[in-house]
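Descriptive analysis of the structure
What follows is each chain in one-letter form.
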Number of protein chains: 2
Amino acid sequence: MEWYENDLTKALNIKYPIIQAPMASAASVELAAAVSNAGGLGSLGLSYHKIENILPDYKKIISKTNHSINLNFMTHKEPSNNDILNKNFRDHVSKYYEEYGLDTLPNITNTCESFNSEQLDLLLQMNPKVVSFHFGLPNKEFIKKIKELNIFIISSATTVKEAKILENSGVDAIIAQGFEAGGHRGTFESSYKEGEIGLFSLLPQIVDAVSLPVIAAGGIADGRGIAATLMLGAKGVQLGTAFLSCPEASVHPLWKNALNNSGDRETRITSAFTGRPARGIVNRLLKEMDGKENIIPDFPTVGSIIKPLANTAAKKGDEDFLSLWAGQSAPMSHNIPAKDLVEKLIKETSSIFKRINNN
Amino acid sequence: MEWYENDLTKALNIKYPIIQAPMASAASVELAAAVSNAGGLGSLGLSYHKIENILPDYKKIISKTNHSINLNFMTHKEPSNNDILNKNFRDHVSKYYEEYGLDTLPNITNTCESFNSEQLDLLLQMNPKVVSFHFGLPNKEFIKKIKELNIFIISSATTVKEAKILENSGVDAIIAQGFEAGGHRGTFESSYKEGEIGLFSLLPQIVDAVSLPVIAAGGIADGRGIAATLMLGAKGVQLGTAFLSCPEASVHPLWKNALNNSGDRETRITSAFTGRPARGIVNRLLKEMDGKENIIPDFPTVGSIIKPLANTAAKKGDEDFLSLWAGQSAPMSHNIPAKDLVEKLIKETSSIFKRINNN
């Protein structure tokens, strides 16, 4: 058996245990199809999609690949819409609106739905090989309906406690999301601080705590990283940032530019862009909201007031308010097509194992 | 060649590439000697030692082992002794002193010297195989004198930038200290936030950036961890928390108890106990100083006021003010003698490589 064949690849019906992270704000039909065609598992984050675009996008993917695909939804708690919090945050952001000559400071509203019955109906209709959830799981009834169709269910854990909860809730595999990972922390039951665990510590502890296949995520950028996760007991890896640099990803040029210069920059976890902690490259909004977490409204409502600002600033060439999501291994990215990246990762990992075998 | 033989083990004249972290507040002559006798590199942190105890302790070690030994010193900046900061911190801590019926709130004073000429003279006299420094390096003149005796020099980096600085300053090997590590962050040139990088990201980036052997530290607890660091390019590992649980370590029973229950507790990085960020198990002082970093005086002066309090509280059975240093893999510890631990680590790693070879 090759190093890349195991019960996970068999269950997912993929050649290589490499999952492209769904990355709702950057994934594209082209990226997902390219990864799946290359032997990995392509993913598409659908929570930011308008409901009427979900089915057409899925059809586009399956017109480009007949391999397994993972569809991803967010399962966050409904925002509380705290009036005082909203007012304080609007007051704070209003100075940025003035600076950019933006007249109307919008009301703070919901910008993306937590996985709901409409999305469930579409999911059951699309019937993909795999569905993954971020921020926990949908309710038991929804899980039951998904399992009836034998759709493989994945979700992320940032603590051992969360991994056990996922196992007991019927998932088929668990992503151990290390502190290194870019984008939103998957933390859903532990505190965010408790969930700040490096992959080196988190992965083996989750592997020991559950009997399901564990997928490693966070800071994995090349064959060395893949081989290391296998040593620690992972059955597969999920890479986000590495795929962000592929031309197929839908990434704003200013974001791309920040990624390409990430070696000279810092990433940090912040709630400033969406209301939930996520890792991105440090820019102006991230810095200026540091220490002001107590005035940030709930996910995802923050986006309703930050996104218009980010877009206006970006049009003027300023990255200051864009969420520049990136993991801590962003400087190791390559800007090559997804197919080439998957092949590169496999080749690198294979050569490591070959070298060990020759010793 | 066996997996554990490489240029680092050769240079250090040790059998296995396993370094016991110096851990000034917990290391002992017995622990260091036991690790070196077992084939690893035993270390003794000397910065908290009274100057007159350094030589006698070194003599005790070499009476117990004729293998390589690593002596460790801290090279922190001299504390600024900011009167306002000291007053605010004393005011804050005074309530704890009252609570424990302690009459005299001591003045804030220096508690341990940064590596100085007296310590240098002793080091040159002892002439150990290895010296390691934490918080950067001593000045160029000191380094020159140490190198004249061919003492192998190690220091820790928490960013790629720091690793390059160390390489250019004449060290012989670099420790990549991941975010997972227990005890004091070695950060010396980057900001502490910049230095919060998981080992999965930090290690390969440092390996790529320097041509010296890199030693991995942070979250490594068993053979899986060792094998994983080797995949990422490390030539050796430094384990602290794993050795903390050995009976040879000098650990307060309340600390030991916290370590043994670390699976149900959280570790976090705090400056509350010493004035420099260090990872420990969350207890009362850590929690109550959260968000009050701006009133904490410089390292190491904080200890002059916190340690008497910690000792009094500990006598009453309270762990509330003890620094319960621990890494994120503390729950994976075993409470076995150091010799058994080294053997276990080697056996586990060997069996992983044997398994790969049989595939």
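Residues numbered from 1 in each chain as written. Chains lettered and ligands numbered in written order. Predicted model: local features only at pLDDT ≥ 70, side-chain atom pairs only at ≥ 80, totals over all residues.

1. Quick word on the overall build of chain A
Counting its secondary structure elements, chain A contains 14 helices and 11 strands. The C-alpha atoms of chain A give 20 Å as radius of gyration, which agrees with the globular expectation for 359 residues (21 Å, within 12%). A total of 359 residues make up chain A; the buried ones form 56% of that total. For chain A, the share of sequence-separated contacts (at least 6 apart) that also reach a separation of at least 24 residues comes to 68%. (Helix = DSSP H or I, 4+ residues; strand = E, 2+ residues; numbered from the N terminus. Rg over C-alpha atoms; globule rule 2.2 N^0.38 Å. Buried ≥ 20, exposed ≤ 12 C-beta atoms within 10 Å, placed from the backbone. Contact = placed C-beta atoms within 7 Å.)

2. Considering the interface of chain B and chain A
Counting from both sides, the interface comprises 34 residues of chain B and, opposite them, 34 residues of chain A. Elements that contribute at least two residues to the side of chain B that touches chain A include exactly α8 (199–209), α9 (223–231) and α14 (338–358) of chain B.

3. Points about unusual backbone geometry
At the junction of F299 of chain A and P300 of chain A, the peptide bond is cis and its omega measures out at -5° in the coordinates. Examined against the element boundaries, P300 of chain A turns out to sit in the loop between α12 (284–288) and α13 (303–315). Here N81 of chain B, not a glycine, exhibits a phi torsion of approximately 50°, which is positive. Of note, N81 of chain B is situated in the loop between β3 (69–74) and α4 (83–99). In the Ramachandran plot, N127 of chain B falls in the positive-phi region, its phi being about 50° despite a non-glycine side chain.

4. Some words on the relation of the copies chain B and chain A
Its rotation angle being 180°, the transformation that places chain B on chain A also includes 0.0 Å of axial translation and leaves an RMSD of 0.0 Å. With respect to symmetry, the two chain copies, as superposed, fit the operation of a two-fold axis. Using C-alpha coordinates, one finds that chain B approaches the rotation axis most closely at A228 of chain B, a distance of 2.0 Å. Comparing interface residues between copies, 100% of those in chain B also lie at the interface in chain A; the contact surface is shared. (Least-squares fit on C-alpha atoms with pLDDT ≥ 70 in both.)

5. Some words on the pairing of strand β3 (residues 69–74) of chain A
All names here are of chain A. Among the six residues that make up β3, six are buried, leaving the element largely enclosed by the rest of the structure. Burial along β3 is two-sided: I69, L71 and F73 facing one way and N70, N72 and M74 facing the other are all buried. Direction of pairing for strand β2 (residues 42–45) relative to β3: parallel, over a ladder of four bridges. If you follow G42 over to β3, its bridge partner there is I69. (Pairing = 2+ DSSP bridges.)

6. Quick notes on helix α9 (residues 223–231) of chain A
All names here are of chain A. Within α9, eight of the nine residues are buried, which leaves the element mostly enclosed by the surrounding structure. Those residues of α9 that sit buried are R224, G225, I226, A227, A228, T229, L230 and M231. Just past α9, the residue G233 takes up positive phi, approximately 105°.

7. A closer look at helix α2 (residues 29–37) of chain B
All names here are of chain B. Along α2, seven of the nine residues are buried, which leaves the element largely enclosed by surrounding structure. Among the residues making up α2, those that are buried are V29, L31, A32, A33, A34, V35 and S36. Next to the buried residues of α2 lie β1 (18–20), β2 (42–45), α3 (51–64), β3, α10 (241–244) and α14. G39 lies just past α2 and shows a positive phi near 110°.

8. A look at the packing of α3 of chain B against helix α5 (residues 117–126) of chain B
Residues and elements named next belong to chain B. With their axes 11 Å apart at the nearest point, α3 and α5 run at an angle of 15° to one another. The orientation of α3 with respect to α5, classified from their angle, is roughly parallel. The two elements α3 and α5 meet at a crossing, and its hand is right-handed. Contact residues: α3 offers I51, I54, L55 and Y58, while α5 offers E118, L122 and M126. Classifying every residue of the contact of α3 with α5 gives six nonpolar, no polar and one charged. (Axes fitted to C-alpha atoms, helices over the stretch in contact; angles between N-to-C directions. Parallel < 35°, antiparallel > 145°, perpendicular 65-115°, else oblique. Left-handed = near helix turned anticlockwise from the far one by under 90°. Nonpolar A, V, L, I, M, F, W, Y, C, P; charged D, E, K, R; others polar.)

9. Digging into the environment of C112 of chain B
Residues and elements named next belong to chain B. Tracing the backbone shows C112 in the loop between α4 and α5. Measuring from C-alpha to C-alpha, the distance between C112 and A26 comes to 15 Å, with 86 residues separating the pair along the chain. Those residues in contact with C112 that sit more than four places away from it in its chain are S47, Y48, M74 and P300.

10. Side note on the sheet that holds strand β10 (residues 267–270) of chain A
Residues and elements named next belong to chain A. Strand order in this open sheet of three strands is β7-β11-β10, and the pairing throughout is antiparallel. Two strands lie at the open edges of the sheet, namely β7 (183–184) and β10, each paired on one side alone. In this structure, β10 lies alongside strand β11 (residues 278–281), joined through four bridges in antiparallel fashion. What sits directly across from T267, in β11, is I281.

11. A word on the packing of α2 of chain B against α3 of chain B
All names here are of chain B. For the pair α2 and α3, the least separation of the axes is 9 Å and the interaxial angle reads 35°. Handedness of the crossing formed by α2 with α3: right-handed. In this structure, α2 contributes V29, A32 and A33 to the contact, and α3 contributes D57, K60, I61 and K64.

12. Things to note about the environment of F200 of chain A
Tracing the backbone through its elements, the reader meets F200 of chain A in helix α8 (residues 199–209). F200 of chain A gets classed as buried once you count the C-beta atoms within 10 Å, which come to 39. Along the backbone, F200 of chain A and D57 of chain A are 143 residues apart, and their C-alpha atoms lie at a distance of 36 Å. In contact with F200 of chain A, not counting residues within four places along its chain, are G178, E180, G198, L199, F200, G218, G219, I220, G225 and A228 of chain B.

13. Observations regarding the nonpolar core
Among the nonpolar cores identified, the biggest contains 236 residues, and I174 of chain A together with I174 of chain B are the most heavily contacted of them. Among all residues touching I174 of chain A, those that are not within four sequence positions of it are S155, A157, A163, L166, E167, I206, V210, L212, V214 and I215 of chain A. (Core = buried A, V, L, I, M, F, W, Y, C linked by C-beta atoms within 7 Å.)

14. Comments concerning the environment of S47 of chain B
Residue and element names in this part refer to chain B. The residue S47 is located in the loop between β2 and α3 in this model. On the neighbour-count criterion, S47 (23 C-beta atoms within 10 Å) is buried. When the C-alpha atoms of S47 and C112 are compared, they prove to be 6.2 Å apart, with 65 residues separating the residues in sequence. For S47, the residues in contact, after removing those within four places along its chain, are A24, F73, M74 and C112.

15. Details of the confidence of the model for chain A
Residue-level pLDDT values for chain A average 97, and 100% of them are 70 or greater. On the interface metric, ipTM, the complex scores 0.97, and its pTM is 0.98. (pLDDT = per-residue confidence, 0-100.)

16. A look at the sheet that holds strand β7 (residues 183–184) of chain B
Residue and element names in this part refer to chain B. What the three strands build is an open sheet, ordered β7-β11-β10; its pairing is antiparallel. In this open sheet, the two strands that pair with only one neighbour each are β7 and β10 (267–270). Note: β7 against strand β11 (residues 278–281), two bridges, orientation antiparallel. Counted as the bridge partner of G183 is R279 from β11.

17. What to know about the domain arrangement of chain A
Residue and element names in this part refer to chain A. Per the domain assignment, the segments making up chain A are domain 1 (1–77 + 114–248 + 337–359) and domain 2 (80–112 + 252–333). Computed over C-alpha atoms, the centres of domain 1 and domain 2 are 25 Å apart. Counting residues at the interface gives 22 residues for domain 1, matched by 18 residues for domain 2. Those elements that provide at least two residues to the side of domain 1 that touches domain 2 are β7 and α10 (241–244). No other element matches the three residues that α10 contributes to the side of domain 1 that touches domain 2. (Domains from an automatic or database assignment.)

18. Points about the pairing of β2 of chain A
Here β2 of chain A shows two buried faces, one formed by G42 and L44 of chain A and the other by S43 and G45 of chain A. Following the chain from β2 of chain A across helix α3 (residues 51–64) of chain A to the adjacent parallel β3 of chain A, one finds a crossover that is right-handed. (Right-handed = clockwise from strand over helix to strand, strands pointing away.)

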